[in-house]
Amino acid sequence: MDDALAAFARHRAERAAVPAVAALRTHFETERRRLLDEQRGLDAASATRLLVNRLLHGPSEALRAMAADPDGAGMAERAAAERLLFRLFRLAEDEPAGTGLSAGGDLDKDERREPGREVQ
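Read on for a plain summary of the structure. (Residues numbered from 1 in each chain as written. Predicted model: local features only at pLDDT ≥ 70, side-chain atom pairs only at ≥ 80, totals over all residues. Heavy atoms only, no water.)

Things to note about the side chain of Arg78
With respect to the helices and strands, the residue Arg78 is situated in helix H4 (residues 73-88). Looking at Arg78, the relative accessible area reads 18%, which means it is buried. Each residue touching Arg78, except ones within four places of it in the same chain, is listed here: Leu63, Met66 and Ala67. (Helix = DSSP H or I, 4+ residues; strand = E, 2+ residues; numbered from the N terminus. Buried < 20%, exposed > 50% of the residue type's maximum accessible area, 1.4 Å probe, protein only. Contact = heavy atoms within 4.5 Å.)

Below you can see the structure in the form of structure tokens.
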């Protein structure tokens, strides 16, 4: 009986994540559709590269803003966010070369460029 109760409690607690996951899926799908509408005729490699760049742009800006926080509070927040990203996406701490990540964890400049959309 204790196992069943624990399983029920775990299942109920896991449901708390559903709204965030649903919002993330909706956001990703919206960006995917927008890119396909704006960039018709792209080959799969170009389309997926642009999609990845768009999906990572906002989080990359947020991490940079946290790191640049003059009072230092953002550094702890950034470190916590980075740990969470590594956990959520099951990233290895020593990301292999050729993944598009620079030492700062951001996409290399050349990888961020996409036609018709400026990246800051």
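Looking at the packing of helix H2 (residues 18-38) against helix H3 (residues 44-67)
Geometry of a packed helix pair, given as the angle between the helix axes and the separation of the axes. It is at 10 Å that the axes of H2 and H3 come closest, and there the two elements cross at 135°. Regarding the angle of H2 to H3, the classification is oblique. Along this stretch, H2 crosses H3, giving a crossing that reads as right-handed. Between H2 and H3, the residues in contact are His27, Phe28, Glu31, Arg32, Arg34, Leu35 and Glu38 and Ala47, Leu50, Leu51, Arg54 and Leu55, respectively. In the contact of H2 with H3, the residues fall into 6 nonpolar, 1 polar and 5 charged. (Axes fitted to C-alpha atoms, helices over the stretch in contact; angles between N-to-C directions. Parallel < 35°, antiparallel > 145°, perpendicular 65-115°, else oblique. Left-handed = near helix turned anticlockwise from the far one by under 90°. Nonpolar A, V, L, I, M, F, W, Y, C, P; charged D, E, K, R; others polar.)

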